[in-house]
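# Coordinates in review
Below, each chain spelled out in residue letters.
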Amino acid sequence: MSEASRTRTIRTDYLARVEGEGAMYVRLEGREVSEVKLRLYEPPRFFEAFLRGRSFTEVPDITARICGICPVAYQMSSARAMEEACGVRIDQGPIRDLRRLLYCGEWIESHSLHVYMLHAPDFLGYPGAIEMARDHREIVEQGLQMKKAGNALMTVVGGREVHPINVRVGGFYRAPTKAELRALVDPLERARETALATVRWTSTLEFPDVEIDLEHVALADPDGYPIDRGRIVSDRGLDIEPAGYDEHFVEEHVEHSTALHARLRERGAYLTGPLARYSLASAALRPVARDAASEAGLGATCRNPFQSIIVRAIELVEAADEALALINAYEEPDAPAVEPEPRRAVGHGATEAPRGMLYHRYEIDADGTILDARIVPPTSQNQRAIEEDLRAVVERGVDLSDEALTQRCEQAIRNHDPCISCSTHFLELTVDRA
């Protein structure tokens, strides 16, 4: 059979080293990619449904349970949405600084986990972190040391490292003392040095020559690198407040996945996450992170999804350096929270989870009862982008063996650090009977 007429099917039924259950299907007709499907198994977890009827004050504690790796992102987006509904703004001062500090802790622990435990084995040729640790113990120990620093920061500010309990609408239940934060300086300084070494190390890895021309979407913060607030912008002209999300974005069911696929109404697939943040806001990086990016050979933008491991390392530097600056400047607030007063309104909130932009929308009644909830995690927004990546990777790798091409495709998915289990919707089932 000639190469031109050969049909090849590349399939992985259970993706390794991603958070949740997923599978991949790719079909090649000769040298042409005829079909690409990323199958994600998201059993509906009903978060949007069971938020309805609850008090507006409960959202940070409930939404934190959506993800054990990025609970702060859900807490911050939900709090911002509820505060908008109540007419409260917390965009400066010690409460906002503490929120950003807590978010830095989440970026540190999440990026450390992904870079060292989930992504590095792909580049070093190991099936997983355990096998890699036998030959590269120091690499795994570096990752654990940085993750520990992030977890400690989340514990001090958030009350505990998994599903923090100190976050509330309007701020915090308790503000940490200066002494409590100062105790974090040494581990964060070590984490920053390790992050800088991580940038240098990841920049020496070999990357497939792949660039994906997708629209990059992220938040834009006038005061720095986007984490906890901002307008929604893109590199193709989008510039809206979070309240305009539904006018420009849509989520749809697809036959091959229980997860929703998001797209821009006007232009289709888009990418959110580290590459998008970096490409849209690299000039806003703190000097130490910006210098590290330059030394790593990155320009003002990055479109190679395999190089996302470098960008995450740069964001590790950014988060550790900003955390140290926030601790150094910290003054305990007069009160740990602003007391919100509910009113009949709709509120919108968007923040930057480690994996990308996270959007929340809530409608509340005059007494603060939640009438409607909408939550759009970053992984569902990136699923079309991941399929576009797979198509490009396969097109450039048609001469690889099936085993090598399968490994390359799995790595392409892991580039995005997908958190597949963050399902929030109730799936509407339509039965079409002849």
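Preceding this section is the structure that the text describes.
Residues numbered from 1 in each chain as written. Predicted model: local features only at pLDDT ≥ 70, side-chain atom pairs only at ≥ 80, totals over all residues. Heavy atoms only, no water.

## Some remarks on the packing of aromatic side chains
Applying the stated criterion across every chain yields a total of 7 aromatic pairs. Between the aromatic rings of tryptophan 107 and tyrosine 225, the centroid separation amounts to 6.2 Å while the plane-to-plane angle is 90°, which identifies the pairing as edge-to-face. In this pair, tryptophan 107 is assigned in helix 4 (residues 94-124) and tyrosine 225 in the loop between strand 6 (215-220) and strand 7 (231-234), connecting sequence segments 118 residues apart. The interplanar angle of 70° and the centroid separation of 5.5 Å between the aromatic rings of phenylalanine 123 and phenylalanine 207 together place this pair among those described as edge-to-face. You can see phenylalanine 123 sitting in helix 4 and its partner phenylalanine 207 sitting in the loop between helix 8 (185-202) and strand 6, a full 84 residues away along the chain. Here a set of aromatic residues connected by ring pairs shows up, and it is made of Tyr245, Phe249, Tyr270 and Tyr359. (Phe/Tyr/Trp six-rings, centres within 6.5 Å; stacked < 30°, edge-to-face > 60°. Helix = DSSP H or I, 4+ residues; strand = E, 2+ residues; numbered from the N terminus.)

## Digging into the packing of helix 4 against helix 8
Axis angle and axis distance: for two packed helices, these are the angle between their axes and the distance between the axes, and together they describe the pair. Close contact between helix 4 and helix 8 brings their axes to 13 Å; oriented N to C, the two are set at 30°. Relative to helix 8, the element helix 4 is oriented roughly parallel. Every pair of crossing elements has a handedness; the one defined by helix 4 and helix 8 is left-handed. Contacts between helix 4 and helix 8 involve Ile108, Val115, Tyr116, Ala120 and Leu124 from the first element and Leu188, Thr194, Thr198 and Trp201 from the second. (Axes fitted to C-alpha atoms, helices over the stretch in contact; angles between N-to-C directions. Parallel < 35°, antiparallel > 145°, perpendicular 65-115°, else oblique. Left-handed = near helix turned anticlockwise from the far one by under 90°. Contact = heavy atoms within 4.5 Å.)

## Brief notes about helix 3 (residues 71-86)
Working note: α-helix, 3.6 residues per turn, so residues spaced by three or four point in the same direction. For helix 3, which comprises 16 residues, the first-to-last C-alpha distance of 23 Å matches the rise-based estimate of 22 Å (1.5 Å per residue) to within 8%. A large share of helix 3 lies buried, amounting to 14 of its 16 residues. Of the residues one or two after helix 3, glycine 87 is the one with positive phi, at around 75°. (Expected span 1.5 Å × (residues − 1). Buried < 20%, exposed > 50% of the residue type's maximum accessible area, 1.4 Å probe, protein only.)

## Observations concerning the side chain of histidine 163
Of note, histidine 163 is situated in the loop between helix 6 (137-158) and strand 4 (167-168). Ignoring any residue separated from it by four or fewer positions in sequence, one finds histidine 163 in contact with Ala64, Arg65, Cys67, Gly68 and Pro71.

## Topic: empty space enclosed by the protein
Enumeration according to the criterion identifies 4 cavities of 30 Å³ or more in this entry. Approximately 80 Å³ is the volume attributed to the largest cavity. Around the largest cavity, the lining residues are Leu271, Thr272, Gly273, Pro274, Leu275, Pro305, Ser308, Arg312, Arg355, Asn382, Asn415 and His416. At the level of secondary structure, the elements contributing two or more residues to the lining of the largest cavity comprise helix 10 (274-281) and helix 12 (308-329). A breakdown of the residues in the lining of the largest cavity according to their chemical character gives 4 nonpolar, 6 polar and 2 charged. Roughly 60 Å³ of volume is contained in the second largest cavity. Lining the second largest cavity are Ile212, Leu214, His216, Leu271, Leu275, Arg303, Pro305, Asp389 and His416. (1 Å grid on protein atoms, 1.4 Å probe; cavity = no way out; pocket = protein on both sides within 12 Å on 5 of 7 lines; lining within 4 Å. Points joined across faces, edges and corners; volume = space filled by probe spheres on them. Nonpolar A, V, L, I, M, F, W, Y, C, P; charged D, E, K, R; others polar.)

## Things to note about the packing of helix 10 against helix 12
Relative orientation of the contacting elements helix 10 and helix 12 amounts to 70°, with a least axis distance of 9 Å. The angle between helix 10 and helix 12 falls in the class roughly perpendicular. The handedness of the crossing between helix 10 and helix 12 is left-handed. Each of Pro274, Leu275, Arg277 and Tyr278 in helix 10 lies in contact with helix 12, whose residues at this interface are Ser308, Val311, Arg312, Ile314 and Glu315. Residues that form the contact of helix 10 with helix 12 fall into these classes: 5 nonpolar, 1 polar and 3 charged.

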